[in-house]
Amino acid sequence: MDALINDIEIIKAKTTKINDVDFDNLTFGKILTDHMLECDFKDGKWQAPKVVPYQPITLDPSAKIFHYGQSVFEGMKAYKDADGTVWLFRPLDNFKRLNISSKRLAIPELPEDYFMNGLKALLKVDSDWIPRNEGSSLYIRPFIFASGKGFHASPADEYKFIIACAPSGSYFSGEVKVLIEEKYSRSANGGVGFAKAGGNYAGQFYPTQLAVDKGYQQVIWTDDNTHEYIEEAGAMNIFVRINDTLITGPTSDRILDGITRKSIIELAQSKGIPVEVRKITVSEVVEAAKNGSLKEMFGAGTAAVISPISGFGYKNEDYDIPEMEDAYASFLKKHITDIQTNKSEDPFGWRYKVE
Ligand code: PLP
Ligand code: COI
């Protein structure tokens with residue numbers, strides 16, 4: 001052991017990779033920092049978490065993650081302000097959602113102090129990796145998976161919780177066009193759509209690849225029953241602006257309860273923007289695109305931040321959404337990122353100082 005931070009044991013890496021990193025040209029999630037947090041569930045309880053050098057992990061080929069996909073994850077970001085202070089955004093909401101996801105996947109829930117103290121210790125050790133450039137941040141990926149062995153189709157008896165971090169720039173490299181899905185479904189009533197379960201993403205890859213082949217970046221999922229209602233996109237919740245009203249669908253057991261989504265709703269309301277949380281039909285969006293009342297569509301998520309959508313495809317027709325001045329997307333993005341990066345007041349108490 002090299003040290004203890006917040007009661008977390010730290011084993012430091014002998015070398016650093018940081019000098020090889022071009023912080024001015026970061027992509028998303030490809031470069032990992034020098035350390036990770038590791039914590040095992042065995043003998044019926046979570047063992048003490050440790051910060052260790054970032055390294056590959058060895059698993060038994062019968063580990064249940066490989067066969068039954070028992071895994072959940074979170075996505076968060078750390079920001080460094082001009083004074084070098086490190087900030088998180090609503091981290092307890094991520095912690096709570098991780099346990100909501102775990103419960104649905106029959107994974108044992110994690111104690112709050114293991115998550116929070118472990119994360120803070122990791123950020124201290126890898127603090128130099130937190131970018132300061134505008135538009136960049138340290139993307140944080142907490143995840144839990146079944147490491148326990150055996151082919152019996154039942155919950156594992158051992159799990160691993162890891163937090164790995166990647167200094168990152170934007171999630172999308174160019175414009176974002178979406179395809180409104182008519183056939184495939186991401187989730188169903190009573191399913192796991194509300195959880196951040198790895199399998200939700202695996203199930204999207206094939207239909208999303210079909211959309212990518214047609215020139216779109218993401219699929220907008222519709223309800224599995226009728227495909228008449230807009231739900232969310234592959235990696236973000238969806239907002240549409242019809243005339244001056246900002247509309248987003250209600251969460252349900254098919255949709256991820258996004259932290260960015262709920263922050264945008266509160267922020268927009270506080271700025272006097274009319275907001276409706278209600279079911280959105282595909283036909284009203286198509287109609288609004290045709291008659292010019294569809295002013296904006298954007299995705300919202302930790303990785304995506306607020307990503308304007310420049311057009312959508314539906315039933316072999318493409319609809320453009322021309323960029324507009326005074327877009328809600330840019331107004332809300334500036335306000336939310338100013339709060340996240342400590343450039344403005346935080347009247348909502350969302351910002352969390354890492355000490
Ligand atoms: N929906 C899906 C499917 C996502 O993967 C994400 C990303 O986390 C979101 C929505 C947005 O959630 P949040 O704002 O909490 O990151
Ligand atoms: C996030 O926004 O943090 C996510 O988890 C989305 C992911 C698919 C990149």
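Residues numbered from 1 in each chain as written. Chains lettered and ligands numbered in written order. Predicted model: local features only at pLDDT ≥ 70, side-chain atom pairs only at ≥ 80, totals over all residues. Heavy atoms only, no water.

A. Quick peek at the site of ligand 1. Inspection of the region around ligand 1 gives 17 residues, with K196, Y201, E232, T260 and T302 positioned closest. In this structure, an oxygen atom belonging to ligand 1 sits 2.7 Å away from a side-chain N or O atom of R97. Notes on ligand 1: free accessible area 380 Å², of which the protein chains cover 97%. Where the shell around ligand 1 is concerned, the elements lending two or more residues are β13 (230-233), β14 (236-242), α5 (259-270) and β17 (294-301). Of the residues assigned to the shell around ligand 1, the class counts are seven nonpolar, six polar and four charged. (Near = heavy atom within 4 Å. Polar contact = N/O pair within 3.5 Å; in protein donor to acceptor, adjacent residues only side chain to side chain. Areas by Shrake-Rupley, 256 points an atom, 1.4 Å probe, with all protein chains shown as cover. Helix = DSSP H or I, 4+ residues; strand = E, 2+ residues; numbered from the N terminus. Nonpolar A, V, L, I, M, F, W, Y, C, P; charged D, E, K, R; others polar.)

B. Expanded view of the pairing of strand β5 (residues 50-53). Pairing of strand β2 (residues 8-10) with β5, which is carried by two bridges, proceeds in the parallel orientation. If you follow I10 over to β5, its bridge partner there is V51. Relative to β5, strand β3 (residues 35-42) runs antiparallel, the two being bridged by four bridges. Of the residues in β5, the one forming a bridge with E38 is K50. (Pairing = 2+ DSSP bridges.)

C. Layout of the domain arrangement of the protein. Splitting the protein by domain gives domain 1 (3-168) and domain 2 (176-340). Distance from the C-alpha centre of domain 1 to the C-alpha centre of domain 2: 28 Å. Opposite the 20 residues of domain 1 that make contact, domain 2 presents 22 residues. Along the contact surface separating domain 1 from domain 2 lie one salt bridge. Of the charged contacts in the structure, one is a salt bridge between K262 and D93, with a shortest N-O distance of 2.9 Å. In this structure, the connection of domain 1 to domain 2 is made through 11 residue pairs in polar contact (both at pLDDT 80 or more). For the side of domain 1 that touches domain 2, the secondary-structure elements that each account for two or more residues are β6 (71-73), β7 (76-80), β8 (86-89) and α2 (91-104). Looking at the side of domain 1 that touches domain 2, the element that brings in the most residues is α2, giving six residues. Across the side of domain 1 that touches domain 2, the residue classes break down as 10 nonpolar, four polar and six charged. (Domains from an automatic or database assignment. Contact = heavy atoms within 4.5 Å. Salt bridge = Lys/Arg side-chain N within 4 Å of Asp/Glu carboxyl O.)

D. Focus on the pairing of strand β10 (residues 159-168). Counting buried residues along β10, 10 of its 10 residues qualify, which places the element largely inside the surrounding structure. Side chains Y159, F161, I163, C165 and P167 project from β10 onto one buried face, and the interleaved K160, I162, A164, A166 and S168 project onto a second face that is buried too. Sheet topology places β3 next to β10; five bridges connect them, and they run antiparallel. Across the sheet, the residue bridging to L37 is I163, located in β10. Examined bridge by bridge, strand β9 (residues 137-146) and β10 share 10 bridges and lie antiparallel to one another. Within β10, the residue paired with F143 across the bridge is I162. (Buried < 20%, exposed > 50% of the residue type's maximum accessible area, 1.4 Å probe, protein only.)

E. Layout of the UniProt feature "modified residue: N6-(pyridoxal phosphate)lysine" (unreviewed entry) in the protein. In the numbering adopted here, UniProt assigns the feature "modified residue: N6-(pyridoxal phosphate)lysine" (unreviewed entry) to K196. Here K196 lies in the loop between β11 (176-180) and α4 (198-213). Its relative accessible area of 10% is what places K196 among the buried residues. K196 has contacts with S71, V72, F73, E74, G75, R97, S101, Y201 and L256, leaving out every residue within four places of it along the chain. (UniProt positions renumbered as here; feature names shortened; annotations may be inferred.)

F. Up close: the nonpolar core. F115, L123, I140, I144 and F161 are the most contacted members of the largest nonpolar core, which totals 43 residues. Mapped onto this core, the elements with two or more residues apiece are β2, β3, β7, β8, α2, α3 (112-125), β9 and β10. Of all the elements, α3 adds the most residues to this core, at seven residues. The contact partners of F115, leaving out residues within four places of it in the chain, are M76, P91, F95, L98, L110, P142, F161 and I163. Within the second largest apolar cluster, 25 residues are counted, among which are F172, I242, I247 and V286. (Core = buried A, V, L, I, M, F, W, Y, C linked by side-chain atoms within 4.5 Å.)

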